[in-house]
Amino acid sequence: MQNTNYAKYIAIMQKIADVQNASSLLNWDQETYMPPKGAAFRAQQLSTLAGIAHELATSTELGVLLTELSKDDSLAEKEKRNIKKSLKNYNDNKKYTTEFVQDLSKTISEAFQAWQKAKETNDFSLYAPKLEKLVELKRKECELLGYTGHPYDAMLDQYEPGAKTVDLEKLFADVRSQLVAFVKQIAAKPQNNDAFMFGFYDKDKQWDVGIDLLKQMGYDFDAGRQDISSHPFTTNFSCQDVRVTTRINQNDLNEMIWSCIHEGGHALYEQGLLPSEYGLPSGEYISLGIHESQSRLWENNVGRSLNYWKANFKTLQKAFPENLEKISVEDFYKAMNIVKPSLIRTSADELTYHFHVLIRFEIEKALIEGKIQVNELPAYWNSKYKEYLGIDVPSDKQGVLQDIHWSHGSFGYFPTYSLGSFYAAQFFAQAKKEIPNLENQLEQGNMLNLLSWLREKVHKHGKYYTAEELCVEITGEKLNFNYFMEYAKVKYKWLYQL
Ligand code: CO
């Protein structure tokens, strides 16, 4: 029997999605092909569309419909879950007063400009007053949204629905106690050579290699495309139009390879959602952590493995004989897995990366709790880098000012990066159990059984499960850091002969 209320709900949700996807397309264009003079009206167009989407998403009509549907027992389980998630979003949106939204958006735009200036001139004091105002608003936002445990839960919930500060504290305590010591062991060993990664690599040839890597993963070019942008990203306008961008550096082969595989992993998730669920929670990704689990699984567990390069290194050698002819696949594997404490999060290796996240998590939590003040940040930051990574931060530009996130008001976002890697390790361990000869298949360049497994286990469900439920559904237990640690131990013991 056709439920007319549910049909009305679908129609409204699809309309909201249409507006949001139109604005995503404008954003994509802005990052790739828009001529410079297009910027002013583009900002206006994006703001108009955001306004329309917000009106639709907070309309009384939708509110009444969702409330009625939430009491409707005749709905199927998937429909009930969609309604529950949409109702939560609706109620969260309604908690913001117009005054607060305007204040926040004005402060963010000022903080962003101040951050750019401060980073350029290496002067934190230019940014501090705006950031202070922003932190104050974020603390207010926690109260507006509400929470049951820690105020920071309200921040986390926006990116990782259901995540709790207390669980992350336990998780990062494991990171601290196990990973710090392990990285110290590695640091005491002689370093592997990666100089050949930084020779001259022609950009057109690199481009072709990237396209082949994406095709091999199963990325569907009839439902997407790749372009160049200054910061690689994935965006989508439906599951049948999912686009990636890459960045090519002619003097560093790493950038193209890792951005292609990483964004490819994100894109496969979006391409694996179901067209029938367009606009609904069941047609959306679960959380940023689960999204990142898909990019990291392909980037780290697959892409940074010896098997993967046994399949692909010959092609790479043929494209760049002058750089790689005399390099063995084992040397190449060692070069792409150098572990070395460094200052900048975005270029960190897959182990020390998590210290960068841990530091930001501790700082954000302390700011929201009011335990530290904004003007103490540079010194606090530097002391944490000394403590966890053993390095001195030479300037705030390379320290506390390096990331854009806080200036955008994105508090609670960083932990999802680490969650992604840890989920990835746990999922991949399960895939190895369930797919016979997975490692051999990867060594042959056959990625398709892995992709089908991910489609079946993760992609096709959309938001049906929460991140925690999905993890239990797939692996039989909640997120467990031991999987990542086990993966790291096996891999790096070989690489560094520990
Ligand atoms: Co990512």
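1. Observations regarding the coordination of the cobalt ion
For the cobalt ion, the protein coordination sphere consists of His262 (NE2), His266 (NE2) and Glu292 (OE), at 2.2 to 2.3 Å. Ordering the donors of the cobalt ion by residue number gives the pattern H-x3-H-x25-E. Residue His262 is found in helix H10 (residues 253-271), and its partner Glu292 is found in helix H11 (residues 288-303); the two are separated by 30 residues along the sequence. For the pair His262 and Glu292, a shared accessibility class is recorded, and that class is buried.

2. Remarks on the domain arrangement of the protein chain
Along its sequence, the protein chain is organised into domain 1 (4-146) and domain 2 (165-199 + 267-495). Domain 1 and domain 2 are separated by 27 Å when their C-alpha centres are compared. Listed per partner, the contact involves 33 residues of domain 1 and 32 residues of domain 2. Across the interface of domain 1 and domain 2, roughly 2800 Å² is buried in total on both sides, 64% from carbon and sulfur atoms. For the domain 1 face of the interface with domain 2, the top three residues by lost area are Lys85, Trp115 and Phe124, together amounting to 20%. In this structure, the connection of domain 1 to domain 2 is made through two salt bridges. With a shortest N-O distance of 3.6 Å, Glu469 and Arg81 are connected by a salt bridge. At the boundary of domain 1 and domain 2, one finds 15 residue pairs in polar contact (both at pLDDT 80 or more). The set of elements that each furnish at least two residues to the side of domain 1 that touches domain 2 consists of helix H1 (4-32), helix H4 (77-94), helix H5 (98-121) and helix H6 (128-145).

3. Examining the pattern of salt bridges
Scanning the entire structure with this criterion turns up 30 salt bridges. Ionic pairing is found between Asp227 and Arg225, a salt bridge with its closest N-O pair at 2.8 Å. Among the salt bridges present, the one from Glu456 reaches Lys460, with a minimum N-O distance of 2.6 Å. The network of salt bridges with common partners includes Lys88, Asp92, Lys95 and Asp157.

4. Quick look at the packing of H11 against helix H19 (residues 448-457)
Packing of H11 against H19 leaves a shortest axis separation of 13 Å and a crossing angle of 155°. Of the possible angle classes, the one that applies to H11 and H19 is roughly antiparallel. Judged by the sense of rotation from one axis to the other, the crossing of H11 with H19 is right-handed. On the side of H11, the interface is formed by Gln294, Leu297, Trp298 and Val302, while H19 contributes Leu450, Leu451 and Leu454. Of the residues that constitute the contact of H11 with H19, the class distribution is six nonpolar, one polar and no charged.

5. What about the pairing of strand E3 (residues 241-246)?
Across a regular strand the side chains alternate sides, sitting on one face of the sheet and then on the other. Burial analysis of E3 places five of its six residues in the buried class, the great majority of the element. Of the pairings in the sheet, the one linking strand E1 (residues 226-228) to E3 comprises three bridges and is parallel in character. Looking at E3, one finds that Asp227 is bridged to Thr245. Hairpin connection of strand E2 (residues 234-238) to E3: two residues between the antiparallel strands.

6. Some words on the environment of Leu171
Checked against the element boundaries, Leu171 lands in helix H8 (residues 165-187). For Leu171, a relative accessible area of 9% corresponds to the buried category. Through-space distance from the C-alpha of Leu171 to that of Leu126 is 35 Å; in sequence the pair is 45 residues apart. Aside from chain neighbours lying at most four places away, what touches Leu171 is Leu419, Phe422, Leu479 and Phe481.

7. Side note on unusual backbone geometry
Despite not being glycine, Asn122 shows a phi value in the positive range, around 55°. Judged by relative accessible area, which is 33%, Asn122 ranks as partly exposed. The phi angle at Asn437 is positive, at roughly 60°, despite the residue not being glycine. Along the polypeptide, Asn437 turns up in the loop between helix H17 (415-434) and helix H18 (438-443). Residue Asn437 is classed as exposed on the basis of its relative accessible area of 52%.

8. Remarks on the pairing of E2
Sheet topology places E2 next to E3; four bridges connect them, and they run antiparallel. Residue pairing across strands places Ser238 opposite Asp241, the latter belonging to E3.

9. Quick notes on H17
Compared with the 28 Å implied by 1.5 Å per residue over 20 residues, the 29 Å span of H17 between its first and last C-alpha is a close match. Burial runs high along H17: 16 of the 20 residues are buried.

10. A few points about the side chain of Arg42
Structurally, the position occupied by Arg42 is in helix H2 (residues 39-57). Within the structure, Arg42 has its side chain in polar contact with the side chain of Gln45 (distance 3.1 Å). When neighbours within four sequence positions are excluded, Arg42 is seen to be in contact with Leu26, Asp29, Gln30 and Met34.

11. Topic: the sheet that holds E3
Here three strands make up an open sheet; going across it, the order is E1-E3-E2 and the pairing mixed. Two strands bound the open sheet, and with one partner strand each, they are E1 and E2. Recorded for the sheet is a direction-independent mean angle of 25° between the axes of neighbouring strands. Those strands touched by H1 are E1, E2 and E3, and its axis lies near 145° from that of E2. Along the sheet, helix H9 (residues 203-217) contacts E1 and E3; its crossing angle with E1, the most-contacted strand, is approximately 150°.

Thresholds, definitions, all that
- Residues numbered from 1 in each chain as written.
- Predicted model: local features only at pLDDT ≥ 70, side-chain atom pairs only at ≥ 80, totals over all residues.
- Heavy atoms only, no water.
- Donors = N, O, S within 2.8 Å, 3.2 Å for Na, K, Ca; no water.
- Helix = DSSP H or I, 4+ residues; strand = E, 2+ residues; numbered from the N terminus.
- Buried < 20%, exposed > 50% of the residue type's maximum accessible area, 1.4 Å probe, protein only.
- Domains from an automatic or database assignment.
- Contact = heavy atoms within 4.5 Å.
- Buried area = accessible area lost by both parts, 1.4 Å probe.
- Salt bridge = Lys/Arg side-chain N within 4 Å of Asp/Glu carboxyl O.
- Polar contact = N/O pair within 3.5 Å; in protein donor to acceptor, adjacent residues only side chain to side chain.
- Axes fitted to C-alpha atoms, helices over the stretch in contact; angles between N-to-C directions.
- Parallel < 35°, antiparallel > 145°, perpendicular 65-115°, else oblique.
- Left-handed = near helix turned anticlockwise from the far one by under 90°.
- Nonpolar A, V, L, I, M, F, W, Y, C, P; charged D, E, K, R; others polar.
- Pairing = 2+ DSSP bridges.
- Expected span 1.5 Å × (residues − 1).

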